[in-house]
Amino acid sequence: MYMEEINNYIQQHKDRFVNELIDLLKLPSISADSAFSQDVIETAKAVEQALKQAGCDHTEICETKGYPVVYGEKLIDPNLPTVLVYGHYDVQPPDPMELWESPPFEPVIKETSLHPDGAIFARGACDDKGQMYMHVKALEFMVAHNQLPCNVKFMIEGEEEVGSDSLADFLEGHKDKLKNDIILISDTGMMANDVPSITTGLRGLSYVEVEVTGPNRDLHSGIYGGAVPNPINVLSKMIASLHDENNHITIPGFYDKVEEVSDEERAEMAKAPFSIEEYKKALDINDVYGEKGYTTPERYSIRPTLDVNGIWGGYTGEGAKTVIASKAYAKISMRLVPHQDPDEITDLFAKHFESIAPKGVKVKVAPHHGGLPYVTNMDSTGYKAAAKAYETTFGQTPIPERTGGSIPIVALFEQVLGSKTILMGFGLDSDAIHSPNEHFGIWNYLKGIETIPYFYKYYTELSKG
Ligand code: BES
Ligand code: MN
Ligand code: MN
């Protein structure tokens, strides 16, 4: 009966669900680029409207030091549990623009081999507007059919892609308003459309920018070349030394607090379906690369990393200019695993990086945002409710999976509000989040809308004990 109701509702309204999402995707809410600040604010307003229309009794746009948080609630009974839905309405910059097959903020629907029912191509389609909007439409269904079994609150932020800087203060200042029994987020992925999975862990993050200065001005690379420290050469060497021949990170103390996953757990992880051949093929690489002693899924989930995200300096324009630059720069991210602390790691990095600089250069290390890792417990009511929801709509038990990405707010939720988070992601790794041609399968979008109401139902039932 319930199943029929949801499926009929989705069948009847799916075109509208898709069109509403397309309208939201047309707004370029790029939080990293201040040229788009007005668009980010417009997007917050659009999200508030959507929450109102879906059936929230109260909505508001809450100012923060940065972009606003959109809040909405429908509270039906103080004796029932409260689910807090978190998502983000901001998106990553679309660059490099020339690699998009259609403009990032002019959504189009195209079929792909993994999405034979079509996928919506636009920046934010999967991360996170599409996944956030599934929750709005799931609420719409539950309210329209008088099927909301518990209280619900929404907190949709606009600064996730730039590190959620204002959110710690926001949580501290609104503890009562945000009070909940469980937090529900769709901002991760699943293994495949026929292999549902629930994300049980996120990596933390320490992100730094480094600057290496050589001579006080750019120099002729013939007159001075060979006799002065070239900051680009030096920086490259310094970066190369951060991994040893086994691809272990060489920063002293970096691994001190790393939680070594037990052999049992590693054996459990190894049972999850994963094809190295398909992995290589999808990325067009002839071989994988990484820390000795660990499998590819371990390397991208339970092990910490250090990666250069950008590097620049000197002449990069057309043709050749003979020059030794005065400065070189790099942006470096370190993904962290349980018990590693982002501030501590940033300090270790800075000390080490300064210590390996040759005398002839000056080095500056500036920290950007960071975030703590997170792991959740499969014995919790929240996990069980989510697993049951997937079993109902996919006909299969979901596989628990620790992912390599980060959502720093999740650890903050636990610290400040004392709440655990359930991560029900419906995107695929191949959906190209943060890349050109990001997309979200329409099947995945509708499957999310179908599965979410069951989470509410089972969570409420299981909470009654
Ligand atoms: N939704 C992603 C995180 C994610 C994606 C986790 C897929 C797991 C699977 C989120 O929007 C994101 O991009 N986070 C950033 C961190 C943030 C501090 C900029 C990240 O992981 O790089
Ligand atoms: Mn996201
Ligand atoms: Mn993202």
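Residues numbered from 1 in each chain as written. Chains lettered and ligands numbered in written order. Predicted model: local features only at pLDDT ≥ 70, side-chain atom pairs only at ≥ 80, totals over all residues. Heavy atoms only, no water.

*Asks:* What exactly am I supposed to notice about the pattern of salt bridges here?
*Replies:* Inspection of every chain in the model, using the stated rule, returns 25 salt bridges. Taking the shortest distance from any N to any O, the salt bridge between E140 and K137 comes out at 2.6 Å. Within this pair, E140 and its partner K137 are both found in helix 3 (residues 129-144), separated by three residues, close to a single helical turn. A relative accessible area of 9% means that E140 is categorised as buried. With a relative accessible area of 3%, K137 lands in the buried category. For the salt bridge of E268 with K271, the shortest nitrogen-to-oxygen distance reads 3.2 Å. The exposure class of E268 is partly exposed, given its relative accessible area of 48%. Here K271 falls in the exposed class, since its relative accessible area comes to 61%. Each of R16, E20, K137 and E140 takes part in salt bridges that share partners, so that together they form one network. (Salt bridge = Lys/Arg side-chain N within 4 Å of Asp/Glu carboxyl O. Helix = DSSP H or I, 4+ residues; strand = E, 2+ residues; numbered from the N terminus. Buried < 20%, exposed > 50% of the residue type's maximum accessible area, 1.4 Å probe, protein only.)

*Asks:* What's the story with the coordination of the manganese ion (ligand 3) in this structure? I'm lost.
*Replies:* Each donor-metal-donor angle in an ideal tetrahedron of four donors is 109.5 degrees, and each such angle in an ideal octahedron of six donors is either 90 or 180 degrees. The manganese ion (ligand 3) binds to the protein through D127 (OD), E161 (OE), E161 (OE) and H434 (NE2), with metal-donor distances spanning 2.1 to 2.5 Å. Note that the manganese ion (ligand 3) binds six donor atoms; their angles at the metal cover 56 to 154°, and the shape is irregular. Counting residues between consecutive donors of the manganese ion (ligand 3) along the chain gives the motif D-x33-E-x272-H. Separating the manganese ion (ligand 3) from the manganese ion (ligand 2) is a gap of 3.5 Å, bridged by D127, which donates to each. Note that D127 is positioned in the loop between strand 5 (119-121) and helix 3 and H434 in the loop between strand 17 (421-423) and strand 18 (439-441), a separation of 307 residues in sequence. Take D127: its relative accessible area is 6%, and that puts it in the buried class. On the basis of relative accessibility, which here comes to 38%, the residue H434 falls in the partly exposed class. (Donors = N, O, S within 2.8 Å, 3.2 Å for Na, K, Ca; no water. Tetrahedral: all angles 85-135°; square planar, octahedral: opposite > 155°, others 65-115°.)

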